[in-house]
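What follows is each chain in one-letter form.
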2 protein chains.
Amino acid sequence: MSKQIQDESTQIQKKRKVTVVEVAEAAGVSVSAVSRAFNPEASISLPLREKVFKAAASLNYKPNRLARGIKSRSSLVGILMTDFNNPFYLPILSRFTTEIQRRNCHSLLIHVDGDMDIQAAVELVMEYNVDGLIITSATLPQPLVDACRSQNTPVVIFGRDSSENSVTIVSCDNVLAGNMAADMLLDAGYLKPAFVAGPIGTSATLDRQRGFIARLMERGCQEWQVVEGGEFSYDAGFDATLRVFQHTEKPDALFFADDIMACGGMDALRYELGFRVPEDVGVVGVDDIRLAKSRSYNLSTIRQPNEQMIQSSIDALFEHISDSNLPPRSITLPCEAVVRGSTKK
Amino acid sequence: MSKQIQDESTQIQKKRKVTVVEVAEAAGVSVSAVSRAFNPEASISLPLREKVFKAAASLNYKPNRLARGIKSRSSLVGILMTDFNNPFYLPILSRFTTEIQRRNCHSLLIHVDGDMDIQAAVELVMEYNVDGLIITSATLPQPLVDACRSQNTPVVIFGRDSSENSVTIVSCDNVLAGNMAADMLLDAGYLKPAFVAGPIGTSATLDRQRGFIARLMERGCQEWQVVEGGEFSYDAGFDATLRVFQHTEKPDALFFADDIMACGGMDALRYELGFRVPEDVGVVGVDDIRLAKSRSYNLSTIRQPNEQMIQSSIDALFEHISDSNLPPRSITLPCEAVVRGSTKK
DNA sequence: CTGAAAGCGCTTACAG
DNA sequence: CTGAAAGCGCTTACAG
């Protein structure tokens, strides 16, 4: 009986959340003082702040971020992701959340899958009053850009894209990536390279292709070809490679739109078509995902400067949050060639 | 000049968020009516609701979820992740967010890394008034469990663990996984298997080990050994394998605590130690990550029933959200042996 | 720097 | 079913 009562009181004690009012009472100050004490930018004297903190600590007070967000910043940053299958994005997501948390904000993760309207997704994030929004997407459909522009919330697109200039976008130089891949293959002595494209409509893919072919031609290579690859996935790379070698013109090297496709392609070459890599066919990817340096793949690739790209994205986003008049800008970072074992020495 | 003014007005129009009050005015009803119209469970007549919706649509009104959350549900579900390096977790995160969104809620993603206090992280999520919390973690430190218990918010641990019963937890039967791995290796004719353990303190690892050894002994196998593996990562599996073969007792098969370790281990065997897999040494993992079925690894493994585990986690979480008196329970799902090419036929 | 008071946008007893 | 009013927990001009 007494046990029961005690249980109930414990439960009630758990349920009741302590508020500014109670802290104010306990500290013998106004609620404004409590509010200010928990707001780093507010003007409040040190003694007062400490008095409040002491009372707050003894009551185990935690500010309610929702209530705070309704008048002030929500401390929420939206992250919109579309390509949840590509392992490339796991470390990226990891770093984004870490950086956001480092700035005392938190991540609202929105997963936009195929059958979801991207415009609706953007609007939805806005219902949470997010302070800013990060969009990671290999594809960058115009409706998405439009949706971002119509919001007055800062948006940064962490893209593989670059043509857009009405919204802030961070990407690596994909034309350069194409150049580098061409050099890598030509330098290694390959003569008939093919580009295996990624999903249609991704300008990153187009830029890589453009850079690749431009450099090939520049260096006098004539026998190149471009083939469709499908989505950014192991299976797509695998299947595309099989298709390539049914053509009459067989390439002696493949440049894939990204690493995970390249891994699939390498396996098709080695385990299905019986080629040796790099002796018979050379392979280059883009990204430098973790798997690329495994002993099984040991993939030559063009590394995107992920850390810098993320850092720039976060910096730009928070600058936009602080200063809403900052014009959108386009940040393009250089990539880096990483020669491993999938190309001849 | 006129341009300037127009720009300003557009900007103002963007900034002003339309509220219940304006919708109420436009529709000629009370704010209560507007609120009810947007609340599926509220009792309101169809005509009234439609009148409100019409006005809301014409004003492009979107409810402010933060304001709503302060009195009612926040529609926010926290997801706490620790193992952001393991590709195993990308599809899991993907499915969780999808399921949460399907229920008209959204995911607050918290990344708990090494130097972050897990207790602090849990408390922090609570500041957002999340309706519920999902924790995915290979390790399950007691402080975490305690932190969860002290909150009155529903928590589900998506674990590889099972011993705990003071909080709802969903996992697969890791002892069974160990049994299956033992059977797989013994059935294939291996005689001296070793278990390569995962991070210490992960009961999943211990359970797998226990199940593995129990079955080996049961079937009369004496020459087994257990070695430390380190963290769940490619490199850890690679290094551990190198160490194993420096011992005087060389195993002829390795059961790794998870797939990504097994991939690293296979590469060490093939590319560093010169063994053939599966002829010289057999390899089995746990998880069935996407990479496991690549042609390069073609890894025999014990598959965790991820989809079911996620579905059960989400179902359990929302049941707890609906009924706060539901006692915690432990849901353990069976796993499945997947024989591929890393074990002899 | 500090406090009293109004307000943020929404919800929810309370009457009718 | 509907509306007027109080309230959620916090912030922020406004005075002092």
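Okay, so let's go over this structure. (Residues numbered from 1 in each chain as written. Chains lettered and ligands numbered in written order. Predicted model: local features only at pLDDT ≥ 70, side-chain atom pairs only at ≥ 80, totals over all residues. Heavy atoms only, no water.)

### Considering the protein's contact with DNA strand C
Link 1 in the chain: Taken together, 24 residues form the shell around DNA strand C, and within it Ser43(A), Ser45(A), Val20(B), Ser35(B) and Arg68(B) come nearest.
Link 2 in the chain: Sugar and phosphate atoms form 60% of the subset of DNA strand C atoms that lie within 4 Å of the protein.
Link 3 in the chain: Measuring from a base nitrogen of DNA strand C, one finds a side-chain N or O atom of Arg36(B) at 2.9 Å.
Link 4 in the chain: The side chain of Arg68(B) places a nitrogen or oxygen atom 2.5 Å from a phosphate oxygen of DNA strand C.
Link 5 in the chain: Elements supplying a minimum of two residues to the surface near DNA strand C: α3 (31-37) and α5 (65-71) of chain A together with α3 (31-37) and α5 (65-71) of chain B.
Link 6 in the chain: Considering each element in turn, the surface near DNA strand C owes the most residues, four residues, to α5(B).
Link 7 in the chain: Residue composition of the surface near DNA strand C, grouped by class: nine nonpolar, nine polar and six charged. (Near = heavy atom within 4 Å. Polar contact = N/O pair within 3.5 Å; in protein donor to acceptor, adjacent residues only side chain to side chain. Helix = DSSP H or I, 4+ residues; strand = E, 2+ residues; numbered from the N terminus. Nonpolar A, V, L, I, M, F, W, Y, C, P; charged D, E, K, R; others polar.)

### Digging into the sheet that holds strand β12 (residues 336-338) of chain B
Residues and elements named next belong to chain B.
Link 1 in the chain: Ordered in space as β7-β6-β8-β9-β10-β12, the six strands form an open sheet in which the pairing is mixed. Since the sheet does not close on itself, it has two edges, and those belong to β7 (225-227) and β12, each with one partner. Ignoring which end each strand starts from, the neighbouring axes of this sheet average 20° apart.
Link 2 in the chain: Relative to β12, strand β10 (residues 300-303) runs antiparallel, the two being bridged by three bridges. If you follow Thr301 over to β12, its bridge partner there is Val338.
Link 3 in the chain: Across the sheet, helix α9 (residues 174-187) lies against β6 (193-196), β8 (253-256), β9 (282-287), β10 and β12, angled at about 155° from β10, the strand it touches most.
Link 4 in the chain: Against the sheet, helix α11 (residues 234-244) touches β6, β7 and β8, its axis set at about 145° to β8. (Pairing = 2+ DSSP bridges. Axes fitted to C-alpha atoms, helices over the stretch in contact; angles between N-to-C directions. Contact = heavy atoms within 4.5 Å.)

### Some remarks on the relation of the copies chain A and chain B
Link 1 in the chain: Superposition record for chain A on chain B: RMSD 0.1 Å, screw rotation 180°, translation along axis 0.0 Å. Both chain copies can therefore be described as sitting about a two-fold axis. Rotation axis and chain A: the residue whose C-alpha lies nearest the axis is Leu108(A), separated from it by 2.3 Å.
Link 2 in the chain: When you check the interface residues of chain A against chain B, 100% turn up at the interface there too, and the contact is symmetric in its surfaces. (Least-squares fit on C-alpha atoms with pLDDT ≥ 70 in both.)

### Here we look at the interface of chain A and chain B
Link 1 in the chain: Counting residues at the interface gives 57 residues for chain A, matched by 57 residues for chain B.
Link 2 in the chain: Carbon and sulfur atoms make up 53% of the area that chain A and chain B hide from each other, which totals about 5,200 Å².
Link 3 in the chain: On the chain A side of the contact with chain B, Leu66(A), Tyr128(A) and Arg295(A) bury the most area, a combined 15% of that side's loss.
Link 4 in the chain: One can count six salt bridges joining chain A with chain B.
Link 5 in the chain: The interface formed by chain A and chain B contains 35 residue pairs in polar contact (both at pLDDT 80 or more).
Link 6 in the chain: When residues of the side of chain A that touches chain B are traced back to their parent elements, those giving at least two are α1 (2-15), α5, α6 (89-102), β2 (106-111), α7 (118-126), α8 (142-150), α11 (234-244) and α12 (259-272) of chain A.
Link 7 in the chain: A class-by-class count of the residues in the side of chain A that touches chain B yields 22 nonpolar, 21 polar and 14 charged. (Buried area = accessible area lost by both parts, 1.4 Å probe. Salt bridge = Lys/Arg side-chain N within 4 Å of Asp/Glu carboxyl O.)

### Points about the protein's contact with DNA strand D
Link 1 in the chain: Surrounding DNA strand D, one finds 24 residues, the nearest of these being Val20(A), Ser35(A), Arg68(A), Arg36(B) and Ser43(B).
Link 2 in the chain: Measuring from a phosphate oxygen of DNA strand D, one finds a side-chain N or O atom of Ser35(A) at 2.6 Å.
Link 3 in the chain: Between Ser30(B) and DNA strand D, the recorded distance is 3.1 Å, taken from a side-chain N or O atom to a phosphate oxygen.
Link 4 in the chain: Put simply, the parts of the chain that give the surface near DNA strand D at least two residues each are α3 and α5 of chain A together with α3 and α5 of chain B.
Link 5 in the chain: Residues belonging to the surface near DNA strand D are distributed by class as follows: nine nonpolar, nine polar and six charged.

### Let's talk about the packing of aromatic side chains
Link 1 in the chain: As enumerated under the stated definition, the model contains 19 aromatic pairs over all chains in all.
Link 2 in the chain: Ring centres of Phe96(B) and Phe158(B) lie 5.4 Å apart, and the angle between their planes is 85°; on these two criteria the pair is classed as edge-to-face. Remark: Phe158(B) occurs in strand β4 (residues 155-159) and Phe96(B) occurs in helix α6 (residues 89-102); sequence separation between them is 62 residues.
Link 3 in the chain: In this structure Phe96(B) comes out as buried when scored by relative accessible area, which is 1%.
Link 4 in the chain: Three or more aromatic residues joined by ring pairs make a cluster, and in this case those are Phe38(A), Phe53(A) and Tyr61(A). (Phe/Tyr/Trp six-rings, centres within 6.5 Å; stacked < 30°, edge-to-face > 60°. Buried < 20%, exposed > 50% of the residue type's maximum accessible area, 1.4 Å probe, protein only.)

Bear in mind that shape data such as this cannot, by itself, settle questions of function.
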